[in-house]
Amino acid sequence: MSFSASVKNELARVTSGKVCCQRAEFAAFLRMGGNIRIGGKRQISILVNTENAATTRKYFKLAKDLFCVEAEISVYRKQKLRKNQVFGLYLPPQPKIKKILQLLGIENEDALWGMGQDDAALNKVLAKVVKKDCCVRAYLRGAFMGGGSITNPEGSYHLELVCTDVAHQKYLVNLMQVFDLNPKTGTRKDQLLIYLKEAEKIIDFLNVIGAHQALLDFENTRIVKEIRNNVNRLVNCETANVNKIVDTGMRQVIAVRIIEQYLGLANLSPNLKETAELRLEYPEASLKEIGEMLTPTLGKSGVNHRMRRLEEIAEDLQKSKAKTNPKASRHRAKNTH
Ligand SMILES: [Zn+2]
């Protein structure tokens, strides 16, 4: 089951005890996911499709409890080849449907065409739906159930609401701002989106809409992921250090080899000779480790000083070799004739 589906399954069991909040949630669910149909004789019906059976059952029950309307649940597949089932909540034409349409600000058929066109009109309608502070959470829960989704926190963090119109998008953003959620808005093809990318904000949102189990699951996954990332970062960090030690060690070994070839280690001072020999023997040892092997032992910076001296000597030897080399090659060239 997707993480989205498990959040919705959880929320399908979360219903406020207050009628004001129940109405608000139902209104948000319809506004996000509902299709209003006008049939013959101007009869209006409503269909809301979801991919979650528990969601559909929840609002089927709310429709019955709140408005005593006739309602039907239908199950079908979107396309023949698609595995995902679609669950439809259908509210057929009936006199009582008016009460539900009023929730959406539809007093008559003409109002249908003006839906969502105007911020002020929408705010007026929704002021009657989201009456009290307690209803804000319920409205957001309904909006998530009708048009929301969330990715599995194992991957990247993303929670979104797909809105039907700009006015409602603005309205939802304002509601989310009540909880300092700082949602972003955007579009995908012809969809209007509101989304959250920060784990902290997603957790806050799940808390606001009452998805407490999902919140805990999200947190746990995030913690495990962070520990795993930190361990990886540490391992990478240590590998980088080891590489640095090996690189430095190899450079020093080369310096000692040059000295050995052009000067002879025996011609170094006893201190430098001992350090050079240890470096040849232990190319991968750190400066600290080499210092501990010296007699008497020497600190890291002391060893570092000696290594630099060895590298300087090697460099000087190389330079003088470069100066003498052309002669040598000319000499060889002469001999071959
Ligand atoms: Zn309320």
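This structure is a prediction, so every number in the text was calculated from the model and none was measured. (Residues numbered from 1 in each chain as written. Predicted model: local features only at pLDDT ≥ 70, side-chain atom pairs only at ≥ 80, totals over all residues. Heavy atoms only, no water.)

J.: Lay out the nonpolar core in plain terms, naming residues and giving numbers.
T.: Formed by 70 residues in total, the largest nonpolar core has its most connected members in Phe 26, Leu 91, Tyr 139 and Leu 206. Element by element, the count of residues in this core is highest for helix 2 (residues 19-33), at nine residues. Among all residues touching Leu 206, those that are not within four sequence positions of it are Val 7, Ile 150, Leu 159, Ala 211, Ala 214, Leu 215 and Phe 218. By size, the runner-up hydrophobic cluster in this structure holds 21 residues, among which are Ala 255, Ile 258, Leu 272 and Met 307. (Core = buried A, V, L, I, M, F, W, Y, C linked by side-chain atoms within 4.5 Å. Buried < 20%, exposed > 50% of the residue type's maximum accessible area, 1.4 Å probe, protein only. Helix = DSSP H or I, 4+ residues; strand = E, 2+ residues; numbered from the N terminus. Contact = heavy atoms within 4.5 Å.)

J.: Hey, could you go over the sheet that holds strand 2 (residues 44-50) for me, with residue numbers and the actual values?
T.: What the four strands build is an open sheet, ordered 1-2-4-3; its pairing is antiparallel. Because the sheet does not close on itself, it has two edges, and the strands there are strand 1 (34-38) and strand 3 (72-77). Geometrically, the sheet is characterised by an average inter-axis angle of 25° between neighbouring strands, direction not taken into account. Bridging between strand 2 and strand 4 (residues 85-91) involves five bridges; their strand directions are antiparallel. (Pairing = 2+ DSSP bridges. Axes fitted to C-alpha atoms, helices over the stretch in contact; angles between N-to-C directions.)

J.: Let's hear about helix 7 (residues 133-147): which residues, and what values?
T.: For helix 7, built from 15 residues, the straight-helix expectation of 21 Å at 1.5 Å per residue is met to within 8% by its first-to-last C-alpha distance of 22 Å. Judged by how many residues are buried, helix 7 sits mostly within the fold: 11 of 15 residues are covered. For helix 7, every residue scored as buried is listed here: Cys 135, Val 136, Ala 138, Tyr 139, Leu 140, Arg 141, Gly 142, Ala 143, Phe 144, Met 145 and Gly 147. (Expected span 1.5 Å × (residues − 1).)

J.: A description of the sheet that holds strand 7 (residues 184-188) should follow, citing residues and the corresponding values.
T.: Hydrogen bonds along the backbone pair up the strands of a sheet, which may run parallel or antiparallel. Strand order across the open sheet formed by four strands is 5-6-8-7, with antiparallel pairing between neighbours. Two strands close off the open sheet at either side, each with one partner strand: strand 5 (148-150) and strand 7. Strand-to-strand twist of the sheet, defined as the mean angle between neighbouring strand axes without regard to direction, takes the value 30°. When strand 6 (residues 159-163) meets strand 8 (residues 191-196), the two strands line up antiparallel, connected through five bridges. Its bridge partner lying in strand 8, Leu 161 is registered against Ile 194. Against the sheet, helix 8 (residues 166-177) makes contact with strand 6, strand 7 and strand 8, and its axis sits at roughly 10° relative to strand 8, the strand it touches most.

J.: Any details on the coordination of the zinc ion? Residues and values, ideally.
T.: Looking at the zinc ion, the protein donor atoms are Cys 20 (SG), Cys 21 (SG), Cys 134 (SG) and Cys 135 (SG), and they sit 2.3 to 2.4 Å from it. Considering all four donor atoms around the zinc ion, the spread of angles at the metal, 101 to 124°, places the coordination shape in the tetrahedral class. Of note, the donors binding the zinc ion are all from one chain and are spaced C-C-x112-C-C. The partly exposed category is assigned to Cys 134, whose relative accessible area is 24%. (Donors = N, O, S within 2.8 Å, 3.2 Å for Na, K, Ca; no water. Tetrahedral: all angles 85-135°; square planar, octahedral: opposite > 155°, others 65-115°.)

J.: Can you explain the domain arrangement of the chain? Please cite residues and give values.
T.: Domain boundaries assigned for the chain yield domain 1 (3-210) and domain 2 (226-327). Computed over C-alpha atoms only, the centres of domain 1 and domain 2 are separated by 69 Å. (Domains from an automatic or database assignment.)

J.: Could you give me a rundown of the pattern of salt bridges, with the residues and numbers involved?
T.: Within the structure shown, the criterion is met by 12 salt bridges. Between Glu 25 and Arg 141 there is a salt bridge, and its shortest N-O distance comes to 3.0 Å. Taken together, the positions of Glu 25 in helix 2 and Arg 141 in helix 7 put the pair 116 residues apart, joining distant regions of the chain. Residue class for Glu 25 comes out buried when judged on its relative accessible area of 1%. (Salt bridge = Lys/Arg side-chain N within 4 Å of Asp/Glu carboxyl O.)

J.: Can you lay out the packing of helix 7 against helix 9 (residues 199-209) for me, pointing to particular residues and giving the numbers?
T.: A packed helix pair is summarised by two numbers, namely the angle formed by the two axes and the spacing between the axes. At their nearest, the axes of helix 7 and helix 9 sit 8 Å apart, and the two run at 110° to each other. The pairing of helix 7 with helix 9 is recorded here as roughly perpendicular in orientation. Contact with helix 7, carried on its side by Arg 137, Leu 140, Arg 141 and Phe 144, involves Phe 205, Asn 207, Val 208 and Ile 209 of helix 9 and no other residues of that element. Residue composition of the contact of helix 7 with helix 9, by class: five nonpolar, one polar and two charged. (Parallel < 35°, antiparallel > 145°, perpendicular 65-115°, else oblique. Nonpolar A, V, L, I, M, F, W, Y, C, P; charged D, E, K, R; others polar.)

J.: Summarise a nonpolar patch on the surface; cite the residues concerned and give the values.
T.: A cluster of nonpolar side chains, namely Ile 223, Ile 227, Val 231 and Val 235, defines an oily patch on the protein surface of about 340 Å² accessible area. Within the secondary structure, Ile 223 is located in helix 10 (residues 212-262). (Patch = residues over 30% accessible without salt bridge, like charges linked within 9 Å, V, L, I, M, F, W, Y side chains within 5 Å. Areas by Shrake-Rupley, 256 points an atom, 1.4 Å probe, with all protein chains shown as cover.)

J.: I'd like a description of helix 3 (residues 53-67), backed by residues and values.
T.: Across its 15 residues, helix 3 extends 21 Å between first and last C-alpha, which sits within 8% of the 21 Å expected from 1.5 Å per residue. Along helix 3, the positions that sit buried rather than exposed are Ala 54, Thr 55, Thr 56, Lys 58, Tyr 59, Leu 62, Ala 63, Leu 66 and Phe 67. N-capping of helix 3 is provided by Asn 52, with a side-chain oxygen placed 3.2 Å from the backbone N of Ala 54. (Polar contact = N/O pair within 3.5 Å; in protein donor to acceptor, adjacent residues only side chain to side chain.)

J.: Quick one: what's the story with unusual backbone geometry, residue by residue and with numbers?
T.: Looking along the chain, the bond that leaves Thr 295 and enters Pro 296 is cis, with omega of -10°. Its location among the elements puts Pro 296 in the loop between helix 12 (287-293) and helix 13 (300-336). Even without being a glycine, Asp 180 presents a positive backbone phi close to 55°. Here Asp 180 lies in the loop between helix 8 and strand 7.

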